[in-house]
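Chain residues, written in single-letter form:
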Amino acid sequence: MIHEFYEELKRRNVFKGALAYVVVSWVVTQVASIVFPAFELGAQWMRYLLIVLVVLFPIWLVISWFYEITANGIKKTANVTTSESIRGKTSNNLNYVIIGALLAAIVLLAVNTYGTYTNGEDVKETQLVEAIKTDSIASKEKSVAVLAFADMSPEKDQEYFSDGISEEILNYLAKNPELQVTSRTSSFSFKGSNTTVKEIGEKLNVNYVLEGSVRKASKIFRITTQLINTQTGKHLWSETYDRQMDDIFAIQDEIAAEVTKNLEANLLDEKIKKTNTEAYTKYLQAKNLYDRYTKESVSSAYQLINESIESDSLYAPAWLLKAKITYSGNIYWGLFESDSSIDKNLQYLQTALDLDPNYAVAFAYRASIYLSQGMYEKARQDLQKALKIDPENAEVLGRVSYYPTISHVERVKLLNKAIKIDPMNELNFLRLARAFLFKREYEKSLEAMDTFLLFAPYGPGEHSVKAELLALTGEYERALKEVALEDDEMSKSYSRTLIALIFKEENKEELVANFKEKYAEKYAYLAAQMYAYQNKKDAAYFWLEKAFEQNSGELVYQLNGDPYMDPLRKDARFKKFKSKIDFPEPLAFDFEN
């Protein structure tokens, strides 16, 4: 009975009809996924299409069973005589339909794959924007993004001021625990774009957007602000403020109070740390230049921050910024040698903390300096304080992630939380790339590095880092092209040698010898990596001992997870060597994954 029914299904072309329907439906959905966005048809229209196709499928099967195509049109199968039947021809036609649909499917799949490959950067940017969205619906009710205010001045020379007022309003609102305030880097990422308020609301997952503009005429500033509901596009309120420059802080308080009033929330009593107008203006200019992170911009930032502090030495953020400028400028470009000693950097940070004892980012940044000097206990204490004061600050979490005794698994979780809080803080992607490297997840490490480079220009050593990751993922030619772009000679020599070792180039020994001659005395640990990777144990231990004598930070930060040291890990000498290293006490922290 079952066999006869099966044969009848075949005779009536029900199986081929079903297969043709499925293949054609798949092609239709693929075409729709391409066409619908062009007409601004959302995901719900794709769902409607899928529902229709699913509902029609059993109807199609019933029609295939009860009806047949003949030379005289469609007739009930029971009424079709043998002489009228063209089932064989219909079967062949269905074969053509199936083959044609499959060819179309292959073409569409190839186009989609090619588009994904060639638009990798766009995909990453889209993923970044999607990462901004959160799952919380309840917290969204009182959520706001403060966009970068537009500089409408005729000379377009007030960008630093318009950015500054936006940022201070954002910081003011962020002090209210009842509000969900989007971070600066995420909000400011839409600066200069044509993205609609509704789209911004969807991408940042906020119900309200505060936007505005600044226009300067003589000594008068006109600041225009408006609060917009992102779901409806309705302007809840707007206001224009004409003020003298010395009224800037009153303006900030006034605007912030209006926003919180309209969100039915109460501000905390704490006010913005105030400074005089001239000092604040120069602080904003210095910060703007420092964020560009080039040798020239950092040099200019140094001059401006000194002028700011000379005008008003009681503004804590200015002292933190001076510490960042002098430390980074000296490390990366050899600038400010007379004003960038570790003692002076710590002095600047202590001044900032004396002025603001609850300055979490200052504690975290000071911890970074302590870590660079091997002062692990002091770093641990500062990081604990920073976490206690502001455990939801992305910069704090990013600096905490660098503490050496955190496991690589915990480090990835910590950085993922920081990125969730502020998905456009590029430094946390650089830190994540390092964490994945030590987990031997090279593809993820390269992806995080590429994401970092979407936002930040290549700095010293960063072409070399990417080249190294390309090599570890098997991309030999790309690795060679990337390392050739590196300007820092030591980094270039180091990464070029690693590439040669990874791919077993004939000239690898020559490259190792060249690095050893030029740089090994100063960078003993890096030389040890090269010999360890080749399993040349005696030479590797020689340079590890040198690194120990130098009190090299890499022994604490890298040795436990360094993939280049893997050939030594089962060696008894390696365990004995590790026992000499004074690893710091664990850091206590607790966070939701």
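Residues numbered from 1 in each chain as written. Predicted model: local features only at pLDDT ≥ 70, side-chain atom pairs only at ≥ 80, totals over all residues. Heavy atoms only, no water.

Trainee: Could you give me a rundown of a nonpolar patch on the surface, with the residues and numbers involved?
Mentor: A grouping of W45, Y48, I51, V52, V55, L56, I59, V62, I63, F66 and Y67 is seen on the molecular surface, where their side chains present a nonpolar patch of about 1,000 Å² in accessible area. Looking at the nonpolar patch, the element that brings in the most residues is helix α3 (residues 43-66), giving 10 residues. Locating V62 in the fold gives a position in helix α3. For V62, a relative accessible area of 47% puts it in the partly exposed group. (Patch = residues over 30% accessible without salt bridge, like charges linked within 9 Å, V, L, I, M, F, W, Y side chains within 5 Å. Areas by Shrake-Rupley, 256 points an atom, 1.4 Å probe, with all protein chains shown as cover. Salt bridge = Lys/Arg side-chain N within 4 Å of Asp/Glu carboxyl O. Helix = DSSP H or I, 4+ residues; strand = E, 2+ residues; numbered from the N terminus. Buried < 20%, exposed > 50% of the residue type's maximum accessible area, 1.4 Å probe, protein only.)

Trainee: Break down the pattern of salt bridges for me, with residues and values.
Mentor: Where charged atoms of side chains with opposite charge meet at close range, the side chains can pair. A full pass over the atoms with the stated rule returns 20 salt bridges. We note a salt bridge from K191 to D163, for which the minimum N-O separation is 2.7 Å. Note that K191 is positioned in the loop between α7 (184-188) and α8 (197-204) and D163 in helix α6 (residues 159-174), a separation of 28 residues in sequence. Judged by relative accessible area, D163 falls into the buried class, the value being 6%. The salt bridge involving K282 is made with E307; its shortest N-O contact spans 3.1 Å. You can see K282 sitting in helix α10 (residues 277-292) and its partner E307 sitting in helix α11 (residues 295-311), a full 25 residues away along the chain.

Trainee: Break down the side chain of H408 for me, with residues and values.
Mentor: Checked against the element boundaries, H408 lands in helix α17 (residues 408-421). Here H408 falls in the buried class, since its relative accessible area comes to 19%. Side chain to side chain, H408 and R411 meet in a polar contact 3.1 Å long. Among residues more than four places away in sequence, those in contact with H408 are A435, F438, K439 and G561. (Polar contact = N/O pair within 3.5 Å; in protein donor to acceptor, adjacent residues only side chain to side chain. Contact = heavy atoms within 4.5 Å.)

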